[in-house]
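# Observations on the model geometry
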Amino acid sequence: MQLVIFRLGRENYGVPVARVKEIIRPIDAFAVPGMTGPVEGVINLRGEIIPVLRVHGLLGVDGGSGGDARKRRIVILDADGGGFGFLVDEVTEVVRVSTGDLRPAPEVGEDELHREAILGIVQVSGRMVVCVDLRVLVSGSIDMKELAGQVS
C-alpha cells in the first residue's frame, strides 16, 4: 500500500494514498458561525466548499504553530459525507509499504474511537509512522453530513 507521510508537531503520520484527493498549500479558511471543535473553517476549492480541520488535538499532538510555515499543507480527503481537508505541518513523502510491515498499535487507554482510527504503525526510513484513517477519527468527533449541511 502507498502512504502519504505527514508531520504534526514532531510526530509522523500516514494516510493511504487512495483516500487522498489532493494536497494544496494553505489558503485562508473562512469561519462559519456555529462550527466548533477541530473545524478551522471552510475553503472554496475550484467551486467546491471544503471544511478544513485541525486534527492536532484529535490525535493528542500539540497544535502550536512551530516550524516552517512554508512547509504547511492542507491534505484533501474524500469522505462519505463529502470531502474535507486537514492542516498538517509538513508532507514529507509518499512511500510504498508492505501491509505485512504494518504492526498493530498498542492498546493503551479505553478510547474505542482512536483504536478504530489507528490502522497500525510502520517504520519508514528509520522513523515510526502511525497510520491513521482520518475519516474514522473525524466522523467520531464531528458529524460530516451535518458539517456539509452547514457549509452548503
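So, a few notes on the structure that sits alongside this text. (Residues numbered from 1 in each chain as written. Predicted model: local features only at pLDDT ≥ 70, side-chain atom pairs only at ≥ 80, totals over all residues. Heavy atoms only, no water.)

Right, let's get into the packing of aromatic side chains. Enumeration according to the criterion identifies two aromatic pairs in this entry. Taking the centre distance of 5.9 Å and the plane angle of 25° together, the rings of phenylalanine 6 and tyrosine 13 count as stacked. Among the aromatic side chains, those forming a connected cluster through ring pairs are Phe6, Tyr13 and Phe86. (Phe/Tyr/Trp six-rings, centres within 6.5 Å; stacked < 30°, edge-to-face > 60°.)

A few words on the sheet that holds strand 9 (residues 118-124). With respect to topology, five strands assemble into an open sheet ordered 8-1-2-10-9, the strand pairing being mixed. Lying at the two open borders of the sheet, with one neighbouring strand each, are strand 8 (90-96) and strand 9. When strand polarity is set aside, the average angle formed by the axes of neighbouring strands in this sheet is 30°. Summarising the sheet, strand 2 (residues 11-16) and strand 10 (residues 127-132) pair through two bridges and their orientation is parallel. In the sheet register, glycine 14 faces strand 10, and the bridge partner there is cysteine 131. (Pairing = 2+ DSSP bridges. Helix = DSSP H or I, 4+ residues; strand = E, 2+ residues; numbered from the N terminus. Axes fitted to C-alpha atoms, helices over the stretch in contact; angles between N-to-C directions.)

Time to look at the sheet that holds strand 4 (residues 39-45). The strand order across the open sheet built from five strands is 3-6-7-5-4, with neighbouring strands paired in mixed fashion. With one partner strand each, in any of the chains shown, strand 3 (20-24) and strand 4 form the two edges of the open sheet. When the angles between neighbouring strand axes are averaged without regard to direction, this sheet yields 30°.

All right, on to empty space enclosed by the protein then. Under the criterion given, the structure shown has one cavity of 30 Å³ or more. Of the volumes computed, that of the largest cavity is approximately 40 Å³. Considering the residues around the largest cavity, the lining is formed by Val15, Pro16, Arg19, Leu77, Val132, Asp133, Leu134 and Arg135. Listed by contribution, the elements that provide at least two residues to the lining of the largest cavity are strand 2 and helix 2 (134-141). When its residues are assigned to classes, the lining of the largest cavity shows five nonpolar, no polar and three charged. (1 Å grid on protein atoms, 1.4 Å probe; cavity = no way out; pocket = protein on both sides within 12 Å on 5 of 7 lines; lining within 4 Å. Points joined across faces, edges and corners; volume = space filled by probe spheres on them. Nonpolar A, V, L, I, M, F, W, Y, C, P; charged D, E, K, R; others polar.)

This brings us to the pairing of strand 1 (residues 2-8). Here is the key point about a regular strand: its side chains alternate between the two faces of the sheet. Counting buried positions over the seven residues of strand 1 gives six, a clear majority of the element. With six bridges joining them, strand 1 and strand 8 adopt antiparallel strand pairing. Paired with arginine 7 across the strands is glutamate 90, a residue of strand 8. Examined bridge by bridge, strand 1 and strand 2 share six bridges and lie antiparallel to one another. (Buried < 20%, exposed > 50% of the residue type's maximum accessible area, 1.4 Å probe, protein only.)

Any functional reading would require information that these geometric values do not contain.
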